[in-house]
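If you want the building blocks of each chain, they are given just below.
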Amino acid sequence: KDTTGSVVAIIDDFRTLLIQKQVNFAGSCQLTINGNDPKRDLFDLDGMIEIRRSYPQFGIDWYTEFEGLYRTPVKQTSQSGDKVFNAYFSGFLSLLDRRHIMYYSGSSGSEKSGTADSVIKEYVKENIGSEATTGNGRISNGNINNFTVEADSGSGGSWEGSRSFKRLLTTIQEIADSVGNFYFEVIRSGDYGWEFKTYTGQPGIDRSNTGLDPTTGLNASGNSPHIFSESFGNMINPQFSYARSNEANRVFVLGQGQESDRNIVTRSDSDLIDDSPINLIEKTITATNESETAALESIGDRVLDENKPRRTLSFDVLQTPASL
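Conventions we followed
Residues numbered from 1 in each chain as written. Predicted model: local features only at pLDDT ≥ 70, side-chain atom pairs only at ≥ 80, totals over all residues. Heavy atoms only, no water. Pairing = 2+ DSSP bridges. Helix = DSSP H or I, 4+ residues; strand = E, 2+ residues; numbered from the N terminus. Axes fitted to C-alpha atoms, helices over the stretch in contact; angles between N-to-C directions. Contact = heavy atoms within 4.5 Å. Expected span 1.5 Å × (residues − 1). Buried < 20%, exposed > 50% of the residue type's maximum accessible area, 1.4 Å probe, protein only. Phe/Tyr/Trp six-rings, centres within 6.5 Å; stacked < 30°, edge-to-face > 60°. Lys NZ or Arg CZ within 6 Å of the ring centre and 35° of its normal.

(A) Fine view of the pairing of strand β2 (residues 28–34). Pairing of strand β1 (residues 16–20) with β2 involves 5 bridges; the strand directions are antiparallel. Opposite Thr16, over in β2, you have Thr32 as the bridge partner. Here β2 runs beside strand β5 (residues 83–91); their pairing, made up of 7 bridges, is antiparallel. Residue Cys29 lies in a different strand from β5, and its bridge partner there is Phe89.

Structure below.
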């Protein structure tokens, strides 16, 4: 689609297609077509792609798998003379990554407190939505006329802090992580417009075995659990890791003041520290834009979470009728 939202081409003869999706992140798409295909000239900066998919053998009709904005072309010619055109797209959440929180410290545009839903939507509205204007106190206009924010629901845990000049997307990711169980996305609205939306509760259908009732075989959400297992023939190449090379379990948050008068807040994870006789691993972070102890503690807890050991399980999915 072009930058008015009009369809300019349907591409069903592509060579390769790669989509990467992750909750609370923008996601991306790479489309590869023949380098001599005249459709390559139809790609305009910030034009849109809509990836649609179906599986009629199992009764799954066409649905939208991914939507994004065109950003980067890469033209290649192999030694044999084969030409390809690669088009790279970013998911709609990348719009938020184009903005910073451009309000001075101490202003209402920087300092926020309230539920995660309220705070996040204020930041978004004031930096890319209808209130992202110098008239509202922003250092420069950043509003997109056809970008809207859904009504505040007041959901999510409480948050308080100041985020002058920080990246907008990174900030709301941190807020969502700090309160837990909070999700957001940007969806298309109209032909060439977008809406920012939030959710509480895990997106999608719960197929875990949490709260499994042995008498019914259903989990706490009333669904049948789905188990990935080599013996079931629906996965291969499992790999598990527990990475501790970048661990930090005590964080010193350096607030305002100088030398012995400096406000320093210490946050620790005693369980991790006790994992070995010498496992105390320290890290410092500067937060001179914060004056409240609660805000400094929140920053310390976030840094602890970012630097805790990570358990990672990965595997390749084998498509089976039960694993669609």
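(B) Focus on the sheet that holds strand β10 (residues 194–200). The sheet built from 3 strands is open, its strands ordered β7-β10-β9 with mixed pairing. The two strands at the open ends of the sheet, each matched to only one other strand, are β7 (147–149) and β9 (182–188). Looking at each pair of strands side by side, their axes are set apart by 25 degrees on average, direction ignored. Judged from the 3 bridges that link them, β7 and β10 form a sheet pairing that is parallel. Following the sheet pairing, Val149 is matched in β10 by Phe196. Along the sheet, helix α1 (residues 116–127) contacts β7, β9 and β10; its crossing angle with β10, the most-contacted strand, is approximately 165 degrees. Helix α2 (residues 168–179) rests against β9 and β10 of the sheet, and its axis sits at about 140 degrees to β9.

(C) Focus on the environment of Ser78. Mapped onto the elements, Ser78 comes out in the loop between β4 (60–77) and β5. Ser78 sits 65 residues away from Asn143 along the chain, and the two C-alpha atoms are 43 Å apart.

(D) Up close: α1. With 12 residues, α1 should cover 16 Å at 1.5 Å per step; its first-to-last C-alpha distance of 17 Å lies within 8% of that length. Where burial is concerned, most of α1 is hidden: 10 out of the 12 residues are buried. If you check which residues of α1 are buried, you get Ala116, Asp117, Ser118, Val119, Ile120, Lys121, Tyr123, Val124, Glu126 and Asn127. Looking at the packing, one finds that the buried side of α1 touches β6 (111–115), β7, β8 (158–162), α2, β9 and β10.

(E) Here's a closer look at the packing of aromatic side chains. As enumerated under the stated definition, the model contains 11 aromatic pairs in all. Considering the side-chain rings of Phe43 and Phe89, the 6.2 Å spacing of their centres and the 55 degrees angle between planes classify their relative orientation as tilted. Pair noted here: Phe43 is in the loop between β2 and β3 (48–55) and Phe89 is in strand β5, with a separation of 46 residues, a long-range link. As far as burial versus exposure is concerned, Phe43 and Phe89 are alike and both buried. Ring centres 6.1 Å apart and planes at 85 degrees place the aromatic pair Tyr104 and Phe165 in the edge-to-face group. Within this pair, whereas Tyr104 is found in the loop between β5 and β6, its partner Phe165 is found in the loop between β8 and α2, the two being separated by 61 residues in sequence. Given a relative accessible area of 54%, Tyr104 falls into the exposed group. Note on Phe165: relative accessible area 39%, which makes it partly exposed. Through pairs of rings, three or more aromatic residues link up here, namely Phe43, Tyr70, Phe85 and Phe89. Note that Lys112 overlies the ring of Tyr123, its terminal NZ or CZ placed 5.5 Å from the centroid. Just above the ring of Tyr242 sits the side chain of Arg311; from NZ or CZ to the centre is 4.2 Å.

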